[in-house]
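Reading the structure
This is what each chain is made of:
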Amino acid sequence: MARMKEQAGSSSSSSKGKGKQKEQQPRKRQYIGRISESESGSEEEMELDPSDKPIWDSGPLDDKPEEWQPTLYHDRVNKLKNKAAAFICEREVNEAQLGQFGVFDKFRALGWESALKCFDKDKSNLFLTEIQEWMATLKCHNFNKPSQMKLIGEVHGVPVEMSFDTLKKLGKYDSLPARDYMVPTLDDLLLKLEKHVRWNDMLAVIFLPGTYSGILYRKNLKIEAKLLLAICLLNVIPRRGDKEQVRYPEVPVLYSLLHGSPRFPIRYLIIHHLWISRNKYGRDIVPYCRIITGLMKQQKAITSEDRGLTKRHQPFTLDKLGIGWTYTQSERYHKLKSKGQRWRALKLGARDLLPGEPDEPESDEGVVPSGDEEYADEPHGGENVGQGGYGRGYGGMFYDYAQQSYESGWAYNGTMQEVIENQRPPASIFDTWSGSERTLSDQNTTNSASIERSLKHSFDRQESWNRTFAYSREVVTNNRYFDDQARRMHADWHAGRPVVEDPQHVDYASLPPYDGSVSYPTPPLHHSQ
């Protein structure tokens with residue numbers, strides 16, 4: 001039950017002429033809702049009865065009574081152990097570094113370059129309370145087509161709108177002509193990606209061959225897709241949680257960035273992803289905090305003089321990519337390494353090579369052959385690494401057989417990716433296969449090559465053992481010879497025969513029959529003599 005109560009300053013005509021009424025005991029806890037002017041002639045407040053409070057433990061928030069939605073949302077956010085971490089802020093991407101790896105070109109090809117910038121004009125504040133209030137009061141009004149979708153919430157009583165128009169004014173999102181964009185269904189973009197007609201084709205573009213069956217692991221992404229994903233998780237389709245896996249909604253975004261198509265409006269993605277994050281139970285994040293802050297400033301809900309929580313917004317740079325990345329730089333190059341993959345890009349404004357001057361080598365192979373510092377500290381007999389690979393062999397350096405080529409003479413030569421491409425049938429046949437048939441073929445090739453490389457690794461490990469103990473076995477053999485020679489000379493001396501050290505070889509086939517008149521020394525027993 002909800003009881004209506006007029007705003008302070010207004011009088012109630014029904015109370016005139018009546019005597020003093022008995023005072024009611026105040027409630028221990030009161031919930032206040034608000035009715036906007038569009039629903040009544042004057043703005044009123046609504047006192048909510050706590051006994052009527054619904055429980056939100058499943059389903060979308062907008063299925064609950066409208067007057068209770070802000071309270072339920074506040075309750076959910078305030079229960080978070082690390083509330084500030086749930087507010088995900090975009091980061092300005094350093095064009096001088098990331099532009100050299102083609103990141104900005106890929107975003108410009110889709111008209112998404114504004115996603116790499118931040119337009120809130122604030123580098124030290126996080127308006128956590130205001131953003132939470134806006135999310136709690138958020139409403140999605142009816143619309144006939146996607147470009148008309150609007151999310152409207154209130155901050156300090158001021159309505160703040162997120163729509164195609166307000167985002168365009170904020171940062172010129174979707175800079176290409178409108179005719180260049182197509183609007184996918186929500187199932188194809190965010191909800192039921194595994195049923196997409198080109199699902200396997202998209203996986204083949206962003207993952208290493210043969211690594212995208214079952215769980216989609218981030219370590220199996222191609223290095224280009226892995227770098228783009230690090231940006232997208234903050235600026236394009238933010239999320240928290242397990243960062244070791246790739247979520248399905250991130251696949252079409254990465255595919256479009258790498259492939260250059262299909263082009264769809266990033267505003268469509270931003271609005272729907274934010275609404276799902278607010279409306280879905282268990283989705284405990286608040287994405288696009290700096291976009292929301294920019295809209296609040298744009299629509300005068302907060303001013304430049306307002307201050308929020310102190311938060312220093314750091315730019316996105318190569319030296320802060322996180323776990324799993326190694327960044328180095330030389331005089332002319334930026335260099336990235338991640339799980340055996342390497343990528344380098346010429347620095348902005350790097351000097352030209354002098355005539356006859358050799359260029360830098362692409363990698364320092366002498367440091368860690370696997371190309372990942374994490375392997376350098378692995379003890380002998382560590383966990384398996386890669387497909388069909390092992391830990392370090394005894395008596396030698398670790399070698400990643402799943403990713404690196406080895407000596408010729410075996411059925412599968414070259415890196416794993418080269419092997420898969422070489423074992424495919426001609427393009428005229430391969431291109432006619434469905435995505436699942438291509439995946440199965442590449443997986444079979446990967447398994448065969450992995451088995452062979454495992455066998456070769458076992459052979460190399462056994463050979464390392466043999467070489468390690470060859471010298472010690474030779475020393476034992478020589479010591480046995482000296483022992484046997486000492487026993488022979490002692491036996492000859494004791495029998496009255498001539499004692500000779502290291503006697504010459506005797507050709508018994510050329511001697512006459514033995515008549516017992518001549519006593520020859522006992523021949524040595526060591527095969528090397």
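The preceding data block contains the structure.
Reference entry: report on the structure contained in this document. (Residues numbered from 1 in each chain as written. Predicted model: local features only at pLDDT ≥ 70, side-chain atom pairs only at ≥ 80, totals over all residues. Heavy atoms only, no water.)

Quick notes on helix α15 (residues 435–495)
Operational definition: Note on conventions: DSSP H or I runs of at least 4 residues are helices, E runs of at least 2 residues are strands, and numbering of each starts at the N terminus. The length a helix should cover is 1.5 Å for every residue beyond the first. Bend at a given residue is defined as the angle between two axes, one fitted to the seven residues that end at that position and one fitted to the seven that begin there.
A rise of 1.5 Å per residue sets the reference length of α15, with its 61 residues, at 90 Å; its end C-alpha atoms lie 87 Å apart and thus fit the reference within 8%. Where α15 bends most, the angle comes to about 40°, and this point is A470. Taken from the residues just after α15, G496 is the one with a positive phi, measuring 85°.

With respect to helix α9 (residues 250–259)
Our working rule: Exposure categories follow from relative accessible area, calculated using a 1.4 Å probe and restricted to protein chains: below 20% of the type maximum is buried, above 50% is exposed, and the middle band is partly exposed. Contact between two residues is taken to exist if any of their heavy atoms lie within 4.5 Å; hydrogens are not considered.
A large share of α9 lies buried, amounting to eight of its ten residues. Burial in α9 covers these residues: E250, V251, P252, V253, L254, Y255, S256 and L257. The inward-facing, buried residues of α9 contact α3 (103–110), α6 (186–191), α7 (199–206), α8 (223–235) and α10 (266–279). Phi turns positive one or two residues past the end of α9, at G260, with a value near 85°.

A look at the packing of helix α1 (residues 69–78) against helix α4 (residues 128–136)
What counts here: Only C-alpha atoms enter the line fits that serve as axes; for helices the fit covers just the stretch in contact. Angles between N-to-C directions range over 0 to 180 degrees. To sort the angles, those under 35 degrees are grouped as roughly parallel, those over 145 as roughly antiparallel, those from 65 to 115 as roughly perpendicular, and the leftovers as oblique. Crossing handedness is defined as follows: a turn of the near helix away from the far one that is anticlockwise and smaller than a right angle gives a left-handed crossing, while the clockwise case is right-handed. Side-chain classes follow a simple rule in which Ala, Val, Leu, Ile, Met, Phe, Trp, Tyr, Cys and Pro form the nonpolar group, Asp, Glu, Lys and Arg form the charged group, and the remainder, Gly included, forms the polar group.
Put simply, α1 and α4 touch, their axes get as near as 8 Å, and they point 135° apart. Between α1 and α4, the crossing angle belongs to the class labelled oblique. Here α1 runs over α4; the crossing is right-handed. Where α1 abuts α4, its residues Q69, P70, Y73, H74, V77 and N78 lie against Q132, E133, M135 and A136. In terms of residue class, the contact of α1 with α4 is made up of five nonpolar, four polar and one charged.

Comments concerning the pattern of salt bridges
Using the following cut-off: Think of a salt bridge as a Lys or Arg side-chain nitrogen and an Asp or Glu carboxyl oxygen that are within 4 Å of each other.
Summed over all chains, the structure comprises 20 salt bridges. With a closest N to O distance of 2.7 Å, R108 and E95 form a salt bridge. Taken together, the positions of R108 in helix α3 and E95 in helix α2 (residues 95–98) put the pair 13 residues apart, joining distant regions of the chain. The exposure class assigned to E95 is partly exposed, which follows from its relative accessible area of 33%. Taking the shortest distance from any N to any O, the salt bridge between D105 and R108 comes out at 3.7 Å. Taken together, the residues D105 and R108, both in helix α3 and three residues apart, mark about one turn of the helix. Judged by relative accessible area, which is 35%, R108 ranks as partly exposed. One salt-bridge network, in which partners are shared between bridges, spans E95, D105 and R108.

A look at the state of the cysteines
Worth spelling out the cut-off: Any two cysteine sulfur atoms within 2.5 Å of one another count as a disulfide.
The tally for this structure, following the rule as stated, stands at zero disulfides. In this structure C89 is a free cysteine whose sulfur lies 4.5 Å from that of C289, the closest cysteine sulfur available. Residue class for C89 comes out buried when judged on its relative accessible area of 9%.

Quick notes on the packing of helix α5 (residues 164–171) against α10
Where α5 meets α10, the closest approach of the two axes is 10 Å, and the angle between their N-to-C directions is 115°. Viewed along their axes, α5 and α10 form a crossing whose handedness is right-handed. Side by side, α5 and α10 meet where F164, L167 and K168 of the first sit next to R267, Y268, I270 and I271 of the second. Across the contact of α5 with α10, the residue classes break down as five nonpolar, no polar and two charged.

A word on unusual backbone geometry
Look at the link from S261 to P262: it is a cis peptide, with omega at 0°. Tracing the backbone through its elements, the reader meets P262 in the loop between α9 and α10. Despite not being glycine, H156 shows a phi value in the positive range, around 55°. With respect to the helices and strands, the residue H156 is situated in the loop between β6 (150–155) and β7 (158–163). Even without glycine at this site, K339 takes up a positive phi of about 50°. Tracing the backbone shows K339 in the loop between β10 (333–338) and β11 (341–346).

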